[in-house]
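Structural features, examined
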Protein chains: 2
Amino acid sequence: MKLKAKLLDLQAGGRRIAILDDETASLIGVHSSDRVKIIHKNEYLVAIVNIASNFPHNYIGLYQEISTKLGLKDGELVEVEPAERPEALRYVQAKIHGERLRKNEIETIVKDVVERHLSDIEIASFITALYIHKLSMDEIEALSRAMVKTGSVLSLNKTPILDKHSVGGVPGDKTSILIVPIIAATGLVIPKTSSRAITSPAGTADRVETLCPVNLTIEEIKEVVKKTNGCLVWGGALDLAPADDIFIQVEYPLAIDPLLLPSIMSKKKAIGATHLVIDIPTGRGAKIKTIGAANTLAYDFIDLGKRLGMDVQCAVTFGEQPIGYAIGPALEAKEALSAIMGKSPADLREKAINLAGILLEMVGIKNGKRKAEYLLNSGKAERKLRDIIEAQGGNWKIMPEDIEIGDKKVEIASEKNGRVLWINNRYIVQIAREAGAPKDKGAGIKLRVKLGKRVKKGDILFEIYAERTTKLNAAIELAKKLQPIGLSKKLEERMLMNRIPKTPVHKEEFTLER
Amino acid sequence: MKLKAKLLDLQAGGRRIAILDDETASLIGVHSSDRVKIIHKNEYLVAIVNIASNFPHNYIGLYQEISTKLGLKDGELVEVEPAERPEALRYVQAKIHGERLRKNEIETIVKDVVERHLSDIEIASFITALYIHKLSMDEIEALSRAMVKTGSVLSLNKTPILDKHSVGGVPGDKTSILIVPIIAATGLVIPKTSSRAITSPAGTADRVETLCPVNLTIEEIKEVVKKTNGCLVWGGALDLAPADDIFIQVEYPLAIDPLLLPSIMSKKKAIGATHLVIDIPTGRGAKIKTIGAANTLAYDFIDLGKRLGMDVQCAVTFGEQPIGYAIGPALEAKEALSAIMGKSPADLREKAINLAGILLEMVGIKNGKRKAEYLLNSGKAERKLRDIIEAQGGNWKIMPEDIEIGDKKVEIASEKNGRVLWINNRYIVQIAREAGAPKDKGAGIKLRVKLGKRVKKGDILFEIYAERTTKLNAAIELAKKLQPIGLSKKLEERMLMNRIPKTPVHKEEFTLER
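About the cut-offs
- Residues numbered from 1 in each chain as written.
- Chains lettered and ligands numbered in written order.
- Predicted model: local features only at pLDDT ≥ 70, side-chain atom pairs only at ≥ 80, totals over all residues.
- Helix = DSSP H or I, 4+ residues; strand = E, 2+ residues; numbered from the N terminus.
- Rg over C-alpha atoms; globule rule 2.2 N^0.38 Å.
- Buried ≥ 20, exposed ≤ 12 C-beta atoms within 10 Å, placed from the backbone.
- Contact = placed C-beta atoms within 7 Å.
- Nonpolar A, V, L, I, M, F, W, Y, C, P; charged D, E, K, R; others polar.
- Pairing = 2+ DSSP bridges.
- Axes fitted to C-alpha atoms, helices over the stretch in contact; angles between N-to-C directions.
- Least-squares fit on C-alpha atoms with pLDDT ≥ 70 in both.
- Left-handed = near helix turned anticlockwise from the far one by under 90°.
- Parallel < 35°, antiparallel > 145°, perpendicular 65-115°, else oblique.
- Core = buried A, V, L, I, M, F, W, Y, C linked by C-beta atoms within 7 Å.
- Domains from an automatic or database assignment.

This part covers the overall build of chain A. Counting its regular elements, chain A contains 18 helices and 18 strands. By the compact-globule yardstick of 24 Å for 514 residues, chain A fits well, its C-alpha radius of gyration being 25 Å. With the C-alpha coordinates aligned to their principal axes, the bounding extent of chain A is approximately 75 × 60 × 45 Å. The buried share among the 514 residues of chain A stands at 56%. Counting contacts in chain A only where the partners sit at least 6 residues apart, residues at least 24 apart contribute 80% of the total.

So this is what it looks like as structure tokens:
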């Protein structure tokens, strides 16, 4: 039937939603969540119906995603008819019922997700069913391939193409800023794309952005890689595996992450990686808690890599405390730049040369770790980083002191003597975010102690940096409440881990960073 | 931080949604799906954030649900700050992880669903997790109680209060229109609330609405019951167990129904039922396919009834074909009125007196079925139905021929000789809906044959009624494609049930009616 288009001056976050009042919906014969085909001139598209009880009769309300696509003007007549539910919904239902999905079924789902034919409700149910029923490796492979197929790819026409990825979960991990230039300095190609923080205080893209622009197009990336063999760019706007961005929107509130493997590997496949090292930080405060879980995940990555034609090796790394001392975009960039210039915290340096070494050995270079160390010590890696910074539009001569950090600062001192028994990653993350990171690039935390360090009463445990006093004060308050650094004279003094039901309930944080 | 309220001239279907652009969201420190507290004068409420990338900075877009509640004017300043996620989300996550939920956890979830603190994504995930992990009887009881607690109740201050419910799935089931007056004619109280069709061609409320008004308030219902001992009203606007309406919104696109038991029983508890008969239509074309499944469900109903202080008995009824001959609101009302006046199809009559008989025996009346039969045959039930119709605002003298049915009609004839081997309920439903039911009250199907009937080529199998020619034509076309009535000389001639992969794919329909 013919309805008047009422254009809403609003986007629906990419969703294709049409608003009808009860009566008009009933006349067309659709309910909330049903689909309608909206036909205008020679074009049409399918939208998901939302019911708004006080919406005018015989109108169809259209968010900008639809009106723009159909080139509609307010008040124009469109033909609206009930549309079949997408085929993908049948496969979503099959997964809810615990069935294994076939390749073509998964392709249909991913295509319909990207083309916005599935609603939030349907995607949420799919994600939940995947999480509960688990995925077979065939399903994971099909998901990875479908996610690559429905997005853009970076075609460098070179081989090998190296890459590094961390599954995340440990704060302060600026290792990529060292690894990329080490690899690129050997002449090997490493086009590194990174994400921005979602639930953490800094993603690699946030860190690098304090050194140079990271928001490059695919063409610009090709230029940078041609010049320098490497890059450190934000992958978010490149349309690599765009299904993942939609899945993440749904996974985030649910705090489940069943698509970890296809999500990471589809993005690596999309940039054409042939050799990939995956860092799996492991420990009580990390995303992966135990060595056993890390090993299982590692073999899944390796298996999936083989299926996708990628050589994958994994490094299970110590994840029980932050990497280096700095947490927060600018603080971390500063620490990374100092590190590549020769003044590195031991753990950051050790992690970087180990991972770079694995990558080098994967492409046939002997004594990879020693070679990586040489590239770092000789200043070759530093010069390469500067070349990359310049190629991306930054200043070749940038010095650590040029990087602006928050001018509001406070030192948190120890209230007793003891040895650092634990540093709670999750609390560190919360305090850094409370201080303003990642939005306030200069905000964050600088640790003054790490695990095992002997501390005297009054010694500084960590500093909080912020750009705004209100944020600083909020972070201080949170730090006092959470006490992220645990001290004790002896391990034996700390036997009681939890009291039930009297234990204070802390906010459970979910790490979505991949 | 202070933001300008931009009031949207639109409802969000009851949802509490606030729109922010990326940058403003980032300044507040929230992502899509996070919560914000919106403070205005001395009031506040919590909304779920949606991100719209082209939304103006420093504005917060508010759907009418929020702006009305806070009494906001367009452009007014409101204080917006990040809010904690609702506690319920933790329990939703626990259910995703397969944990059993405790009573207080379920109460929290249901309360947050009704108060719109959970998003569609979160509710969809909860429903999916419930479906996959199943619910314990403790959880079902807690859900039922919480759903009653968060809604209105009908307090009649009488006992016993009888009720009847069908889990649905068989078309043409107008049995309630006979049972309610039979029971009420004995002086027993039976305040029957019914639903409108969601996926079927007619709900009892749709049927009765062609006889008299059904949209009564709780006070009006009390009046009707006081006068007549019974009623036949629409339960949808009474706010009985409102959580269910929100759950249904989510279950409908997913075509899963894990809340069948609490959904039905909470509504029965809310009207104060003490004695309840549950009809479980069973058969290939019904919602419940096998006697085994029906028995399991029956014992669950009985168990849940005990827990909720209700005496429950179940009737597993033959559900392999429609009840009576008429399908569609007016056609069914007409058939029911004729039936109570003495001209009933055998199955409708048999079903009504059996179910009414069970109810009568539950409150201590001997020979319930015979008593029900007497009330039907003597005209007492008919007079009671007329009293109820009048009390609800209809015409006491209404005759079957007064009920308007669609004036567009076509007869579908058999193309061969044979015996009716099957009548596909799902196809009958689809054709009736295609003809316009339930919206067009006069639309539907009138069967001319039922199972076992011998048919000659050219005999009429069924008639299609519609109010509009376009609908009639669409229904005829669908009827020809679906062939809802199967004929064969002998059963042995029909051995091949399905061909894979060559079987034609029919639209799978989901029955949500409860």
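A few words now on the interface of chain A and chain B. Chain A puts 42 residues into the contact, and the matching count from chain B is 42 residues. Those elements that place two or more of their residues in the side of chain A that touches chain B are helix 1 (22-28), strand 4 (43-51), helix 3 (87-96), helix 5 (120-133) and helix 10 (242-254) of chain A. If one sorts the elements of the side of chain A that touches chain B by residue count, helix 5 of chain A sits on top with ten residues. Here the residues of the side of chain A that touches chain B are counted per class, giving 19 nonpolar, 17 polar and six charged.

All names here are of chain B. Taken in spatial order, the three strands of this open sheet run 7-10-11, and their pairing is parallel. Edge positions in the sheet fall to strand 7 (162-166) and strand 11 (311-318), since each of these pairs with one other strand and no more. If you compare each strand with its neighbour and ignore which way they point, the axes differ by 20 degrees on average. Looking at chain direction, strand 10 (residues 275-282) and strand 11 are connected through eight bridges and run parallel.

A separate point is the relation of the copies chain A and chain B. Superposition of the two copies of the chain requires a rotation about an axis and a shift along the axis. The transform that puts chain A on chain B rotates by 180 degrees and translates by 0.0 Å along the axis, for an RMSD of 0.0 Å. Interpreted geometrically, this transformation is the action of a two-fold axis. Looking at chain A, 98% of its interface residues are interface residues in chain B too, so the copies touch through the same face.

Right, let's get into the pairing of strand 4 (residues 43-51) of chain B. Residue and element names in this part refer to chain B. Pairing of strand 2 (residues 17-20) with strand 4 involves four bridges; the strand directions are parallel. Across the sheet, residue Ile17 finds its bridge partner in strand 4, namely Ile48. Bridge count for strand 3 (residues 35-40) against strand 4 is six bridges, and the pairing is antiparallel. Following the sheet pairing, Val36 is matched in strand 4 by Ala47. Count of turn residues in the strand 3/strand 4 antiparallel hairpin: two residues, of which Lys41 carries a positive phi of about 50 degrees.

With that settled, the discussion passes to the packing of helix 3 of chain A against helix 5 of chain A. All names here are of chain A. Where helix 3 meets helix 5, the axes come as close as 8 Å, and the angle between the chain directions of the two elements is 35 degrees. You can see that helix 3 and helix 5 cross each other, and the crossing is left-handed. Taking contact as the criterion, the partners of Leu89, Val92, Lys95 and Ile96 in helix 3 are, on helix 5, Glu122, Ser125, Phe126, Ala129, Leu130 and His133. In terms of residue class, the contact of helix 3 with helix 5 is made up of six nonpolar, two polar and two charged.

Residue and element names in this part refer to chain B. Counting buried positions over the eleven residues of helix 11 (residues 260-270) gives eleven, a clear majority of the element. Those residues of helix 11 that fall on the buried side of the exposure criterion are Leu260, Leu261, Pro262, Ser263, Ile264, Met265, Ser266, Lys267, Lys268, Lys269 and Ala270. Here the buried face of helix 11 lies against helix 6 (137-149), strand 7, strand 8 (190-194), helix 10 (242-254), strand 10 and helix 12 (291-307). One or two residues past the end of helix 11 sits Gly272, with phi positive at roughly 85 degrees.

Residues and elements named next belong to chain B. Interaxial distance between helix 7 (residues 176-185) and helix 16 (residues 380-391) falls to 8 Å at its minimum, and their mutual angle equals 100 degrees. Considered as vectors, helix 7 and helix 16 are oriented roughly perpendicular to each other. Within the contact between the two elements, helix 7 uses Leu178, Pro181, Ile182, Ala184 and Ala185 and helix 16 uses Lys380, Ala381, Lys384, Leu385 and Ile388. Residues that form the contact of helix 7 with helix 16 fall into these classes: eight nonpolar, no polar and two charged.

Residues and elements named next belong to chain B. Taking strand neighbours around the barrel as the criterion, the six strands line up as 1-5-2-4-3-6 in a closed arrangement whose pairing is mixed. Strand after strand, the sheet turns through a mean of 45 degrees between neighbouring axes, direction not considered. Note: strand 1 (residues 2-7) against strand 6 (residues 77-83), three bridges, orientation antiparallel. Within strand 6, the position partnered with Lys4 by the bridge is Leu77.

Now for the nonpolar core. Counting residues in hydrophobic clusters, the biggest one holds 283 residues, and the most contacted among them are Ile182 of chain A together with Ile182 of chain B. Apart from the residues lying within four places of it in its own chain, the contact partners of Ile182 of chain B are Ala352, Ala356, Ala372, Leu375, Leu376 and Ala381 of chain B. In this structure, Ala12, Tyr63 and Val80 of chain A together with Ile60 of chain B belong to the second largest nonpolar core, which totals 48 residues.

Next up on the list: the domain arrangement of chain A. On domain assignment, one finds that chain A holds domain 1 (2-83), domain 2 (87-134), domain 3 (162-238 + 249-400) and domain 4 (408-493). In this structure, domain 1 of chain A and domain 3 of chain A have C-alpha centres spaced 45 Å apart.

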